There are 2 protein chains.
Amino acid sequence: DPQSGRQRAFIRWMLTALLAILSEILCVVIIACTVELQALKFDTTLKIASHRKWYTSVAAFFLFLTFSLLFAVVAGVVTLLQPAVGGSGMAEVKSYLNGVNLPHVMHFNTLYGKAVGVIFAQASGLPLGFEGPIVSCCAILGSLFSQGKIWGLERRLSFEDFRNDKERRDFVACATAGGVAAAFGAPIGGVFFALEEGASFMTLKLTWRCFFCAIGTALTGYLLLSVLPPEFVNQLSFLDPFPNSGPLYEQKDLSIFAVMGVLGGLLGAAFNQMNRRLTVFRLAHVTTPRKKMLELMSLTTLMAVLSFGLPFAGRCRSRPQLDTTTGIYSYASTLRPFLCAGDDSYNELASLYLQSWDDSLRILFHLPMHLQSGEPVFSTAALLCFFCPYFFMAFMTFGASVPFGLFIPSLLSGAALGRVVGQALHPLGGFAEPGVYALVMASAVLGGMCRMTISLALILLEATGNMNLLLPLSISLFLSRWVGNAFNESIYHMHIHLRKIPFLEPQCPQEARVSDLRVCEIMATEPLCLHPVDQVGRIYELLAATAHHCFPLREDDCTVFGTISRDILCSLLFLKAFSGEKSESVLRDTSAAVVTPVLPYEKVEQFFPHFPSIATICLTESEKFSWIDLRPYCDTAPYLVTESTAVPRAYRLFRNLGLRHLLVISRNGHLSGILTRHDLEEEHLMASLAHSPMLLSRK
Amino acid sequence: DPQSGRQRAFIRWMLTALLAILSEILCVVIIACTVELQALKFDTTLKIASHRKWYTSVAAFFLFLTFSLLFAVVAGVVTLLQPAVGGSGMAEVKSYLNGVNLPHVMHFNTLYGKAVGVIFAQASGLPLGFEGPIVSCCAILGSLFSQGKIWGLERRLSFEDFRNDKERRDFVACATAGGVAAAFGAPIGGVFFALEEGASFMTLKLTWRCFFCAIGTALTGYLLLSVLPPEFVNQLSFLDPFPNSGPLYEQKDLSIFAVMGVLGGLLGAAFNQMNRRLTVFRLAHVTTPRKKMLELMSLTTLMAVLSFGLPFAGRCRSRPQLDTTTGIYSYASTLRPFLCAGDDSYNELASLYLQSWDDSLRILFHLPMHLQSGEPVFSTAALLCFFCPYFFMAFMTFGASVPFGLFIPSLLSGAALGRVVGQALHPLGGFAEPGVYALVMASAVLGGMCRMTISLALILLEATGNMNLLLPLSISLFLSRWVGNAFNESIYHMHIHLRKIPFLEPQCPQEARVSDLRVCEIMATEPLCLHPVDQVGRIYELLAATAHHCFPLREDDCTVFGTISRDILCSLLFLKAFSGEKSESVLRDTSAAVVTPVLPYEKVEQFFPHFPSIATICLTESEKFSWIDLRPYCDTAPYLVTESTAVPRAYRLFRNLGLRHLLVISRNGHLSGILTRHDLEEEHLMASLAHSPMLLSRK
């Protein structure tokens with residue numbers, strides 16, 4: 001009734017608000033732990049190294065290496081225990097929102113493992129970010145939370161209303177928006193991120209809920225600021241604001257931004273192409289836990305050697321006394337005096353390598369060309385000496401068995417490169433500050449890898465807090481996307497395809513659109529069907545023999561009665577909801593409009609989302625001869641199309657309504673086939689095109 | 001083939017880029033003309049009034065009144081000539097994107113009339129804005145442009161590819177995003193605006209095209225800045241940036257922002273409620289052109305009297321010498337010295353009333369509490385003396401027969417009220433500047449009227465250029481929306497419903513969702529059908545007797561062959577595409593898979609979008625006995641549902657796929673009814689619910 005509907009809506013909003021608060025707290029906790037671990041590592045080692053003897057340097061290095069390996073081991077072990085923990089999780093969240101359920105992705109263990117794993121992985125000094133994993137942690141939180149799972153109150157509170165696929169997916173979408181809001185400080189970017197992938201099921205109402213969740217997260221963050229210790233507050237923001245008091249760039253800069261976009265696209269495409277080969281190699285050769293661990297240890301050691309070793313080649317530069325009230329003071333104060341005489345000088349390379357990556361990014365973005373007249377803050381050689389090893393290591397790390405985010409490493413590589421360009425142009429006069437070039441190039445490199453245009457522009461725009469940057473960011477992102485797409489697909493989609501996830505792209509593949517392919521040419525014919533009232537033994541055998549998720553119910557005259565899901569069938573068998581033995585006449589009388597079910601529907605659905613598997617069900621011989629009336633539990637009006645429907649139209653139904661299967665009927669209403677997501681994948685469509693007799697005859 | 005597909009895609013992007021440039025130019029031209037007309041009016045009258053004699057004041061007033069009436073007459077006449085010019089056009093654009101074609105809305109005359117009308121309406125001094133009409137001008141431009149209409153090259157260039165409903169709607173969506181980008185300086189807000197209404201057909205690709213168009217518009221605007229005269233550049237921006245160097249508000253301000261949101265919701269709901277009554281009254285009584293003109297003249301006269309008369313009650317305050325380099329100098333310099341002794345003082349009320357409304361808004365937002373120590377810039381009495389008459393007049397004007405935008409009047413009312421609150425809190429210490437309160441209250445009042453949350457937050461956020469304002473704006477907009485929705489619907493939807501437009505809300509009405517209503521209970525039964533091969537006379541009579549847009553083709557065994565649209569049928573009759581006389585046996589042989597059409601499809605579609613009407617078609621008696629083979633022209637695989645489908649599911653199909661009609665079949669494939677948008681309107685659903693025999697029996 002309407003009353004309970006309103007009540008449910010209210011609870012839904014309240015849960016969303018709570019989810020927003022929890023997301024922000026989760027994010028803050030992860031960041032806080034990471035900051036503490038990193039501080040522990042850098043403070044102790046740099047303190048020892050500050051004595052500037054050869055043996056203190058050696059001791060410091062080994063301490064540094066020990067810390068790095070120790071942290072990497074923790075991250076690696078967690079990932080080995082639960083493989084779903086590895087990676088950024090963005091691909092998994094995208095797939096889930098697209099309508100694909102992947103095993104283990106939304107489990108509590110994954111959340112826990114990801115949170116712990118990313119803290120230690122980040123602290124180990126590998127070139128990876130924690131933003132992506134934080135977003136997917138929040139998404140998992142959303143999934144568990146909506147089920148009442150994280151309360152340990154699964155069966156008690158009234159979470160039953162939300163224990164279904166649709167509600168769960170909606171909560172995950174909200175949580176994703178909240179996660180982006182928390183990790184990047186970009187609420188609107190979060191909404192757009194959820195929207196870009198969730199276009200298949202996004203309603204205006206859900207968009208508002210996502211926005212509400214994202215704003216709630218931002219509000220929680222804002223309120224937390226006054227509670228948290230001030231030295232920690234700086235670390236919470238992904239990027240710092242660029243001032244909006246004056247123009248940050250001029251018209252002539254726009255063409256340079258465009259060039260940077262093209263360059264970023266090329267770099268990103270190369271990264272993706274190489275990473276694809278590396279991933280294929282990894283899938284083939286790095287298969288056992290031991291090999292994975294060994295790979296991780298080697299990468300960590302190499303990175304530690306580079307991070308600690310390269311600063312020995314860096315030059316020391318003098319640091320001027322800055323007014324503590326100016327904005328750049330806080331950035332200049334994080335420059336590292338590693339191996340230098342006294343605190344009034346700093347080591348160029350140590351300032352980039354021996355920091356948390358976030359801090360390195362901040363000084364590249366926000367420090368001006370010169371701190372004092374004369375030499376620039378970073379020499380071009382130092383920047384290149386940072387970029388090349390770092391980019392290479394980021395490429396090697398992407399795919400290792402730890403949780404890793406793509407944003408920080410790609411932004412940081414791009415920022416170093418962009419600053420090189422900015423510094424080269426600076427003497428020519430009248431160009432923008434190198435930090436602006438660093439930002440634009442950073443966005444171009446990231447865009448070239450992950451190809452998200454609008455949501456990425458929004459995330460960077462919100463993080464930098466300056467609306468004037470929209471134009472430069474959009475130009476570089478559009479171009480990097482176009483250039484990148486000319487070569488290959490985004491890194492997320494690449495990994496989705498390598499893992500053979502039936503992800504539906506927003507648009508039907510071009511070939512199917514132009515070739516006039518029909519549904520009857522790609523569907524699975526003669527689908528395995530049940531009767532509206534069927535024998536238990538038959539159902540059991542069907543379930544045991546196949547892995548299909550959905551079965552059509554067909555009447556004797558071949559017309560469709562409805563569909564029923566595997567989950568419901570298993571639950572019915574598990575709960576022994578048999579109607580007893582029936583005569584043939586009763587069995588065929590499916591005309592009665594309303595049938596009283598043996599079990600109420602809530603009882604059948606109670607197992608969600610972990611329904612009993614067919615392997616756990618034991619039936620006696622007499623039970624197998626019982627009958628079961630499926631009519632009260634089935635969907636009597638499934639979506640259907642006729643055989644002659646064009647494939648793009650069926651594709652649109654799948655994508656816009658988030659379908660998983662679609663019945664195909666002949667003109668006279670007889671069931672003639674069934675379509676699933678796999679039938680609509682590009683590979684399958686291409687194969688059907690090649691073999692289509694109808695198309696061949698048309699040619 | 002794929003080659004031409006890629007070429008078409010390229011042309012599409014190019015056209016979108018051109019559209020972006022044209023949208024910006026159109027917007028700049030409209031603003032430039034308005035600024036010139038307003039300057040003419042204010043400069044001449046204020047110059048005369050500056051002599052400060054009683055007779056110069058009287059002369060100035062009559063000149064002021066003459067100008068106002070003159071401008072209002074032009075705007076009124078344009079609107080009377082083409083009624084679609086009236087209003088903001090936002091409701092029409094929303095409806096078009098929702099899938100409803102309204103007559104005259106997308107015509108060239110409407111574009112022309114709207115552009116001229118809004119310039120003069122704005123200059124007449126009525127409390128209205130030009131942003132809404134500019135957006136709808138851009139939308140019309142998009143529609144015409146995609147058809148090659150504005151080039152006079154309709155038949156020559158290769159625009160045929162884009163001459164269909166889908167492409168046209170896509171271009172309108174892009175142009176809408178571009179229009180918002182141009183009028184409000186809010187590209188992302190524009191994309192979201194198009195998205196909110198266009199959710200029914202929005203693909204990721206189209207979203208990118210909208211973004212591309214919006215960014216293109218912004219880029220054009222940025223490049224134009226260096227060409228345009230500098231005194232005009234200030235007028236181009238909708239709002240000015242709020243500085244992001246320091247915090248604009250504190251934590252304790254948030255609760256006040258929340259209260260303002262509630263207040264704004266109440267005020268907006270009251271506005272809508274009263275305006276609804278006024279509109280009903282107008283529809284009943286202000287019907288003839290003479291009455292409409294008289295109403296407009298009275299409103300203009302009243303507004304002129306208030307604008308010119310109230311400043312006589314305003315106090316003169318001294319204006320301090322300000323440093324020309326500070327940000328507030330430019331705002332302080334627009335304060336009016338009306339009736340005051342010398343330029344070093346200003347009249348409070350004249351500064352609000354005798355300005356363009358944009359300038360009034362800017363000074364309310366950006367001037368600090370005090371220009372010098374002592375008295376505030378505006379007294380509370382002056383602000384209230386501005387708010388009350390202005391709000392009343394805005395309410396009266398909304399619905400008059402001129403083009404009018406809602407944004408400026410509602411923002412300005414809210415800003416005045418918000419500044420009152422801010423000034424009242426200021427002595428208590430530690431609160432934000434009154435300008436921030438003005439902005440938040442302004443957004444709350446606007447949100448209370450039009451209930452757009454995300455797109456509105458984005459528009460205001462981008463216009464103010466400060467990301468820190470996201471939190472205050474979101475809080476106030478969310479609350480104003482919730483509070484407002486508790487009372488009534490948004491002003492746009494109110495006008496859509498008063499005009500009986502079959503607009504589909506994002507979600508199926510609550511009642512249909514909870515009552516288990518089935519499609520068979522709301523559909524039109526026994527639809528008027530044609531045969532796949534039918535007699536010309538029968539088709540003619542059917543077309544002449546009904547106004548239906550779509551006819552099912554039914555085979556003799558009652559199964560569905562396909563659907564055909566009225567437009568195609570009319571074209572076929574107009575072009576006399578008859579297959580000649582046929583024997584019964586040939587007629588019934590519909591088994592042949594491919595039929596060669598008498599006319600190629602392009603020929604039939606050539607009339608788009610103005611197909612011949614049935615009234616223009618004359619047939620001889622012998623022609624009426626000819627047969628026509630409809631099979632090559634019909635849609636052989638229309639979307640269909642079974643009778644027992646739940647109404648919310650059918651609703652989702654309509655909304656998510658942008659359908660206009662949906663066939664209903666019985667279980668054995670027989671055609672049993674047809675659903676249209678009208679069947680899914682709330683009123684019709686409620687009526688079906690009341691009469692549903694099935695539901696009654698269930699009770």
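This one's a predicted model, so the numbers in the text were calculated from it and none came from an experiment. Numbering of residues starts from 1 in each chain and follows the order in which that chain's sequence is written. Going through the entries in the order they are written, you letter the chains from A and number the ligands from 1. The predicted origin of the model limits local features to residues at a pLDDT of at least 70 and limits the giving and counting of side-chain atom pairs to 80 or more, whereas totals for whole chains, interfaces and linings rest on all residues. Side-chain figures throughout are based on the complete set of non-hydrogen atoms in the structure, without hydrogens or water.

**Q** Teacher, can you tell me more about the overall build of chain A here?
**A** Each helix is a run of DSSP H or I of at least 4 residues and each strand a run of E of at least 2, with the numbering of both proceeding from the N terminus. When helices and strands are tallied, chain A shows 29 helices and ten strands. Taken against the 2.2 N^0.38 rule, which gives 27 Å for 699 residues, the C-alpha radius of gyration of chain A at 29 Å falls within 12% of a compact globule. Structurally, chain A occupies a C-alpha span of about 100 × 60 × 50 Å along its principal axes. Sequence-distant contacts, at least 24 apart, represent 77% of the contacts inside chain A between residues at least 6 apart. As defined in this context, the radius of gyration uses C-alpha atoms, and a globule is described by 2.2 Å times the residue total to the power 0.38. Note on definitions: a residue-residue contact is assigned when non-hydrogen atoms from the two residues lie within 4.5 Å.

**Q** Looking at this model, I keep getting lost on the relation of the copies chain A and chain B. Mind explaining?
**A** Turning one copy of the chain about an axis and sliding it along that axis gives the other copy, so a rotation and a shift relate them. What sets the superposition is a least-squares fit of C-alpha atoms, and only residues with pLDDT of at least 70 in both copies go into it. Each copy of the sequence occupies a distinct position, and chain A is placed on chain B by a rotation of 180° and an axial shift of 0.0 Å, giving an RMSD of 0.2 Å. Put plainly, the chains are arranged around a two-fold axis. Residue glycine 669 of chain A of chain A places its C-alpha closer to the rotation axis than any other residue of that unit, at 2.0 Å.

**Q** Would you take a moment to explain the packing of aromatic side chains for this structure?
**A** For any pair of aromatic rings, the description consists of the separation of the ring centres together with the inter-plane angle of the planes. Two rings from Phe, Tyr or Trp (for Trp, the six-membered ring) form a pair when their centres sit within 6.5 Å of each other. Planes less than 30 degrees apart are called stacked, planes more than 60 degrees apart edge-to-face, and all others tilted. A complete count under the given rule lists 61 aromatic pairs over all chains for this structure. Ring geometry for tryptophan 13 of chain A and phenylalanine 212 of chain A: centres 5.0 Å apart, planes at 85°, overall edge-to-face. A residue pair is termed long-range when its members are at least 10 positions apart, and tryptophan 13 of chain A in helix H1 (residues 2–49) and phenylalanine 212 of chain A in helix H8 (residues 204–225) qualify at 199 residues. With a centroid separation of 5.0 Å and an interplanar angle of 25°, the aromatic rings of phenylalanine 386 of chain B and tyrosine 390 of chain B are classed as stacked. Of the two residues, phenylalanine 386 of chain B and tyrosine 390 of chain B are both situated in helix H15 (residues 380–397); the distance of four residues between them amounts to about one turn of the helix. Each member of the pair, phenylalanine 386 of chain B as well as tyrosine 390 of chain B, carries the same accessibility label: buried. By way of ring pairs, the aromatic residues Phe42, Phe61, Phe62, Phe64, Phe308, Phe312 and Phe338 of chain A are connected into one cluster. Charge-over-ring placement is defined geometrically: NZ (Lys) or CZ (Arg) within 6 Å of the ring centre, and within 35 degrees of the ring normal. The ring of tryptophan 208 of chain B has arginine 481 of chain A lying over it, and the distance from NZ or CZ to the ring centre is 3.5 Å. Only protein chains enter the accessibility calculation, which uses a 1.4 Å probe. A residue is then buried if its area is under 20% of the maximum for its type, exposed if over 50%, and partly exposed in between.

**Q** It is not clear to me how the packing of helix H6 (residues 165–184) of chain B against helix H8 (residues 204–225) of chain B should be interpreted in this structure. Could you clarify?
**A** The angle between the axes and the distance between the axes are what describe a pair of packed helices. Residue and element names in this part refer to chain B. The axes used here are C-alpha line fits, helices contributing only the stretch in contact, and every angle between their N-to-C directions lies in the interval 0 to 180 degrees. At a minimum axis separation of 8 Å, H6 and H8 run at an interaxial angle of 35°. The element H6 and its partner H8 pack so that their crossing is right-handed. Seen from H6, the contacting residues are Asp170, Phe171, Ala173, Cys174, Ala175, Ala177, Gly178, Ala181 and Ala182; seen from H8, they are Leu206, Arg209, Cys210, Cys213, Ala214 and Thr217. Among the residues making up the contact of H6 with H8, the classes are represented as eleven nonpolar, two polar and two charged. Note on convention: near helix rotated counterclockwise from far helix by under a right angle means a left-handed crossing. Clockwise means right-handed. As a working rule, the residues Ala, Val, Leu, Ile, Met, Phe, Trp, Tyr, Cys and Pro are called nonpolar, Asp, Glu, Lys and Arg charged, and the rest polar, with Gly in that last group.

**Q** I keep staring at the domain arrangement of chain A and nothing clicks. Help me out?
**A** How big an interface is tends to be expressed through the accessible area that disappears when the partners come together. All names here are of chain A. The domain boundaries here were taken from an automatic or database domain assignment. Its domain assignment divides chain A into domain 1 (2–236) and domain 2 (251–498). Computed from C-alpha coordinates alone, the two centres of domain 1 and domain 2 are separated by 23 Å. Contacts between the two partners involve 54 residues from domain 1 and, on the opposite side, 49 residues from domain 2. A 1.4 Å probe defines the accessible area here, and the buried area is the portion of it lost by two parts on being joined, summed over both. Here domain 1 packs against domain 2, burying approximately 4300 Å² in sum over the two surfaces, 73% of which is carbon and sulfur. Of all residues in domain 1, Leu80, Leu126 and Pro127 give up the largest surface area on contact with domain 2, accounting jointly for 15% of the area buried on that side. The term salt bridge refers to a pairing of a side-chain nitrogen on Lys or Arg with a carboxyl oxygen on Asp or Glu at a separation within 4 Å. Applying the counting criterion to the domain 1 and domain 2 interface returns zero salt bridges.

**Q** Please explain unusual backbone geometry as it appears in this structure.
**A** If a residue is not glycine, its phi is most likely negative; likewise, a peptide bond is most likely trans. Non-glycine residue lysine 500 of chain A carries a positive phi angle of around 55°. With respect to the element layout, lysine 500 of chain A can be found in the loop between helix H20 (491–498) and helix H21 (510–514). Residue classification places lysine 500 of chain A among the exposed residues on the basis of a relative accessible area of 63%. Unusually for a residue other than glycine, arginine 451 of chain B sits at a positive phi of about 60°. For arginine 451 of chain B, the position within the fold is in the loop between helix H17 (434–450) and helix H18 (454–464). Among the residues examined, arginine 451 of chain B registers a relative accessible area of 4% and is labelled buried.

**Q** Whenever I open this one, the pattern of salt bridges confuses me. Can you help?
**A** Once the charged atoms of two side chains with opposite charge are near each other, the side chains can pair. All names here are of chain A. A full pass over the atoms with the stated rule returns 29 salt bridges over all chains. A salt bridge links arginine 362 to aspartate 359, with the shortest nitrogen-to-oxygen separation between them at 3.0 Å. Here arginine 362 and its partner aspartate 359 are both found in helix H14 (residues 357–366), three residues apart, which amounts to about one turn of the helix. A single salt-bridge network, built from bridges that share partners, covers Asp240, Asp359 and Arg362.

**Q** Where do I start with the interface of chain A and chain B in this structure?
**A** Every contact between the two is made by 72 residues of chain A and, on the other side, 73 residues of chain B. Both sides together, the interface formed by chain A and chain B hides about 6800 Å², and carbon and sulfur atoms give 67% of it. Counting every contact that joins chain A to chain B gives four salt bridges. Aspartate 635 of chain A is the salt-bridge partner of arginine 649 of chain B, the closest N and O atoms lying 2.9 Å from each other. For this analysis, a polar contact is any N or O atom pair within 3.5 Å, provided that within protein one partner can donate a hydrogen and the other can accept it, and provided that sequence-adjacent residues contribute only side-chain to side-chain pairs. Where chain A packs against chain B, one counts eleven residue pairs in polar contact (both at pLDDT 80 or more). Among the elements that take part in the side of chain A that touches chain B, H8 of chain A stands out by supplying eleven residues, more than any other. Here the side of chain A that touches chain B is composed, by residue class, of 42 nonpolar, 18 polar and twelve charged.

**Q** Before we go on, may I ask you to explain the state of the cysteines in this structure?
**A** Residues and elements named next belong to chain A. By convention in this document, the label disulfide applies to cysteine sulfur atom pairs within 2.5 Å. Summed over the entire model, instances satisfying the criterion amount to two disulfides over all chains. Note on cysteine connectivity: cysteine 316 is disulfide-linked to cysteine 340, with sulfurs 1.8 Å apart. Given an S-S torsion of about -90°, the disulfide between cysteine 316 and cysteine 340 has left-handed geometry. Taken together, the residues span a long stretch of sequence, with cysteine 316 in strand S1 (residues 316–318) and cysteine 340 in the loop between helix H12 (327–332) and strand S2 (345–347) at a distance of 24 residues. Judged by relative accessible area, which is 6%, cysteine 340 ranks as buried. With no disulfide of its own, cysteine 385 has cysteine 388 as its nearest cysteine by sulfur position, at a separation of 7.9 Å.

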